[in-house]
Amino acid sequence: MDGEEMRRRLVARGYSADYASGVESLFEHIRLGRGAAVSDGVRRVLGREPGTFRAYAERTAWGSGA
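Sequence order as written defines residue numbering, which begins from 1 separately in each chain. Whole-chain, interface and lining totals are the exception, using all residues; otherwise, since this is a predicted model, local features are given only for residues with pLDDT of at least 70 and side-chain atom pairs are given and counted only at 80 or more. Neither water nor hydrogens contribute to the side-chain values; these are computed over all heavy atoms in the structure.

**Here we look at the packing of helix 1 (residues 3–12) against helix 2 (residues 17–31)**
Between N-to-C directions, angles span 0 to 180 degrees; the directions come from axes that are lines fitted to C-alpha atoms, helices contributing only their stretch in contact. Helix numbers and strand numbers start at the N terminus; a helix is a DSSP run of H or I with at least 4 residues, a strand a run of E with at least 2. Put simply, helix 1 and helix 2 touch, their axes get as near as 8 Å, and they point 155 degrees apart. Our classification of the angle between helix 1 and helix 2 gives roughly antiparallel. Helix-helix and strand crossings are classified by hand; for helix 1 and helix 2 the assignment is right-handed. The segment helix 1 lies against helix 2, with Gly3, Glu4, Met6, Arg7, Leu10 and Val11 engaging Ala17, Tyr19, Ala20, Ser21, Val23, Glu24, Phe27 and Glu28. Under this grouping Gly is polar, as are all residues other than the nonpolar Ala, Val, Leu, Ile, Met, Phe, Trp, Tyr, Cys and Pro and the charged Asp, Glu, Lys and Arg. Among the residues making up the contact of helix 1 with helix 2, the classes are represented as eight nonpolar, two polar and four charged. When an angle is under 35 degrees it counts as roughly parallel; over 145 it counts as roughly antiparallel; between 65 and 115 it counts as roughly perpendicular; any other value is oblique. Should the near helix be turned counterclockwise from the far one by less than a right angle, the crossing is left-handed, whereas a clockwise turn marks it as right-handed. We call two residues in contact whenever any of their non-hydrogen atoms come within 4.5 Å of each other.

**Here we look at the pattern of salt bridges**
Criterion for a salt bridge: a side-chain nitrogen of Lys or Arg within 4 Å of a carboxyl oxygen of Asp or Glu. Applying the stated criterion to the full structure yields four salt bridges. Salt bridges sharing partners connect three or more residues here, namely Glu4, Glu5, Arg8 and Arg9.

**Re the packing of aromatic side chains**
When we look at a pair of aromatic rings, we describe it by the centre distance and by the angle of the planes. To pair, rings of Phe, Tyr and Trp, with the six-membered ring standing in for Trp, must have centres within 6.5 Å; the planes then decide the type, stacked if under 30 degrees apart, edge-to-face if over 60, and tilted in the middle. Tallied over the full model, the rule gives one aromatic pair. Aromatic pair tyrosine 15 and tyrosine 19: ring centres 5.1 Å apart, planes at 20 degrees, arrangement stacked. The class for tyrosine 19 is partly exposed, based on a relative accessible area of 45%. Relative accessible area decides the class of each residue, using a 1.4 Å probe on protein chains only: under 20% of the type maximum gives buried, over 50% gives exposed, and in between gives partly exposed.

**Some details on helix 2**
Each helix should span, by expectation, one fewer than its residue count multiplied by 1.5 Å. Counted at 1.5 Å a residue, the expected span for helix 2 with its 15 residues is 21 Å, and the 20 Å between its end C-alpha atoms agrees. Inspection of helix 2 places Ala20, Glu24, Phe27 and Glu28 among the buried residues, and these make up the whole buried set. Summarising the axial view, the buried residues of helix 2 lie within an arc of 95 degrees, below the 170-degree limit, and thus occupy one face. Along helix 2, exposed side chains directed more than 90 degrees from the buried face belong to Asp18 and Leu26. Tucked into the core, helix 2 has its buried residues touching helix 1 and helix 4 (53–59). Positive phi appears at glycine 33, one or two residues downstream of helix 2, with a value of about 80 degrees. By definition, the arc is the one covered by directions from the helix axis to the C-beta atoms.

Geometric values such as these leave the question of function open.
Below, the structure written as structure tokens:
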């Protein structure tokens, strides 16, 4: 799923267009790896490797096709 599809699904679920656009921007930022520096913080704070956004999405309704 791309950011635009995520935005459409959020709007269809009743979220505001502004909120959905913000989530779309964040999703694209993460999807393109622009938050890679965050990985080091996850290791230091949580003591484990960070998971991928894809793995997160697969554990939620986004990955289930809902």
